[in-house]
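These are the residues of each chain, in order.
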Amino acid sequence: MIYLREFKPSGRKVDHPNLYPYNTLSGKFYESLEFESITILYGSNGSGKSTVLNILANMLQLEGAEEYHYGQMYIDRFIEESSIQMAYNEYGYPVKIPEDSRYIKSEDMLYEIKKIQQEEALENGYLYEAYKRGIDVDELRDELYGMYGLTPKGKRIFDALAFQQEKYSNGETSLQLFIEFLQPDGLYLLDEPEVSLSLDSQIRLSKLINDMVRFFNCQFIIATHSPILISYKDGEILDLNNNFEKVKYEDTDIYKLYKMYLDMPYDMQRRLFEEN
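Just so it is clear, the structure is predicted and the values come from calculations on it, not from any experiment.

A.B. asks: Looking at this structure, I do not really get the packing of aromatic side chains. What am I missing?
C.D. replies: Aromatic rings considered in pairs are described by the distance between their centres and by the relative angle of their planes. One pass over the full model with this rule turns up 2 aromatic pairs. Above the ring of Phe181, the side-chain terminus of Arg102 is found at 4.3 Å from the ring centroid. A cation over a ring is seen here: Lys105 above Tyr103, with NZ or CZ 4.6 Å from the ring centre.

In structure tokens, the structure reads:
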């Protein structure tokens, strides 16, 4: 399923090196970006992956879009000079962004994990001691959750994990959070979702994303460094290191580097140590 079809960024060129986001994206676009059901934004650090996602999130008014701070006021101008094009339905009308659509950043996942762990500490520590002293635990729990800003969604996830009576790692909890957040009929912008995920968890997340596209009418635009997440057979890879050109998986720098390293790990280590 495709909801967002095209993004045409501002074509304004600026000379000031610190004028965000122009300084990050200037000269990288020759034309508009077209999105598929799975589109990968691939590039090195500082190439503009997160910037593009945040601009899209603000233009689409998605949950999770970052607020602007002083010094970033030109992002408003950039957005005004940019445009998006939605896909059309069978009746010729632009589709609407589904309600469950959202922008999920790696720091958001880590924050949710922290909240879940905080709830666990409350449950196993302070609340238990209060219960032994005869205090109304339900009333105290609501007061504490409100004080710390713990969400009902986070509480449900914690309860599900606690029910299984296992100690989950950050990576396992992160995967559970994705299962919770990714709902049918949604457009999702994911910024480095591989953070804290092991290789096998990245593979499981990759399968989850594929299934959400194939069976549940979802669209994904993903910024990632993971060689696992960019390897979708039917996905489209846009290389930010090369003016957002479409590239094949085997032609990406990250594929070549990982392959070279795995083929000759010790030779690569020696070379890197000598260079540094």
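Right, picking up where we left off after that structure.
A.B. asks: What am I meant to see in the nonpolar core here?
C.D. replies: Within soluble globular proteins, side chains that are nonpolar generally end up buried alongside one another. One finds Leu4, Phe7, Leu41, Ile55, Leu56, Leu189 and Ile221 to be the most contacted residues of the largest nonpolar core, which totals 33 residues. Taken together, the elements giving at least two residues each to this core come down to β1 (4-8), α1 (22-25), α2 (49-60), α3 (74-80), β6 (187-191) and β7 (219-224). Considering every element that reaches this core, the biggest residue donor is α2, with 7 residues. Setting aside its immediate chain neighbours within four residues, Ile55 contacts Phe7, Pro21, Leu25, Ile75, Phe78 and Ile79. Core analysis: the next-biggest nonpolar cluster, separate from the first, contains 25 residues, Leu182, Tyr188, Ile209 and Val213 among them.

A.B. asks: I keep staring at the pattern of salt bridges and nothing clicks. Help me out?
C.D. replies: Should the charged atoms of two oppositely charged side chains come close, the side chains can pair. Evaluation of the coordinates by the stated rule reveals 5 salt bridges. The partner of Asp211 in a salt bridge is Lys207, with the nearest N and O atoms 2.7 Å apart. Residue Asp211 and its partner Lys207 are located together in helix α8 (residues 199-216), separated by 4 residues, close to a single helical turn. Its relative accessible area of 51% is what places Lys207 among the exposed residues. A salt bridge links Asp263 to Lys259, with the nearest nitrogen and oxygen atoms 3.1 Å apart. Residue Asp263 and its partner Lys259 are both found in helix α9 (residues 253-263); the two are separated by 4 residues, about one turn of the helix. On the basis of relative accessible area, Lys259 is assigned to the partly exposed category, the value being 41%.

A.B. asks: How should a nonpolar patch on the surface be read in this particular structure?
C.D. replies: There is a patch of nonpolar side chains on the surface, built from Tyr258, Tyr261 and Leu262 and spanning about 320 Å² of accessible area. Relative to the helices and strands, Tyr258 is located in helix α9. By relative accessible area, which is 42% here, Tyr258 ends up partly exposed.

A.B. asks: When you look at the confidence of the model for the protein chain in this model, what are you seeing that I'm missing?
C.D. replies: Do not read the predicted coordinates in detail wherever pLDDT is low. Residues of the protein chain with pLDDT of at least 70 account for 70%, and the chain-wide mean is 77. Predicted confidence for residues 156-167 stays below pLDDT 50, and this span has 15 contacts to residues more than four positions away or in other chains.

A.B. asks: Please explain the environment of Glu192 as it appears in this structure.
C.D. replies: Assignment of secondary structure puts Glu192 in the loop between β6 and α8. When the C-alpha atoms of Glu192 and Ser50 are compared, they prove to be 8.7 Å apart, with 142 residues separating the residues in sequence. Excluding its chain neighbours within four sequence positions, the residues that come into contact with Glu192 are Ser106, Ala223 and His225. Polar contacts involving the side chain of Glu192 include one to the side chain of His225, which spans 3.4 Å.

A.B. asks: Where do I start with the sheet that holds strand β4 (residues 83-86) in this structure?
C.D. replies: Sheet strands pair by backbone hydrogen bonding; their relative direction is either parallel or antiparallel. Pairing in this open sheet of 3 strands is antiparallel, and the strands run β2-β1-β4 from one edge to the other. In the strand order of this sheet, the two ends are held by β2 (33-34) and β4, each with one partner. In the sheet, β1 pairs with β2 via 2 bridges, with the strands oriented antiparallel. Looking at the pairing, Glu6 lines up with Glu34 of β2. Packed on one face of the sheet, α2 meets β1 and β4 and runs near 110 degrees to β1.

Here is what the cut-offs are and how they apply
- Residues numbered from 1 in each chain as written.
- Predicted model: local features only at pLDDT ≥ 70, side-chain atom pairs only at ≥ 80, totals over all residues.
- Heavy atoms only, no water.
- Phe/Tyr/Trp six-rings, centres within 6.5 Å; stacked < 30°, edge-to-face > 60°.
- Lys NZ or Arg CZ within 6 Å of the ring centre and 35° of its normal.
- Core = buried A, V, L, I, M, F, W, Y, C linked by side-chain atoms within 4.5 Å.
- Buried < 20%, exposed > 50% of the residue type's maximum accessible area, 1.4 Å probe, protein only.
- Helix = DSSP H or I, 4+ residues; strand = E, 2+ residues; numbered from the N terminus.
- Contact = heavy atoms within 4.5 Å.
- Salt bridge = Lys/Arg side-chain N within 4 Å of Asp/Glu carboxyl O.
- Patch = residues over 30% accessible without salt bridge, like charges linked within 9 Å, V, L, I, M, F, W, Y side chains within 5 Å.
- Areas by Shrake-Rupley, 256 points an atom, 1.4 Å probe, with all protein chains shown as cover.
- pLDDT = per-residue confidence, 0-100.
- Polar contact = N/O pair within 3.5 Å; in protein donor to acceptor, adjacent residues only side chain to side chain.
- Pairing = 2+ DSSP bridges.
- Axes fitted to C-alpha atoms, helices over the stretch in contact; angles between N-to-C directions.

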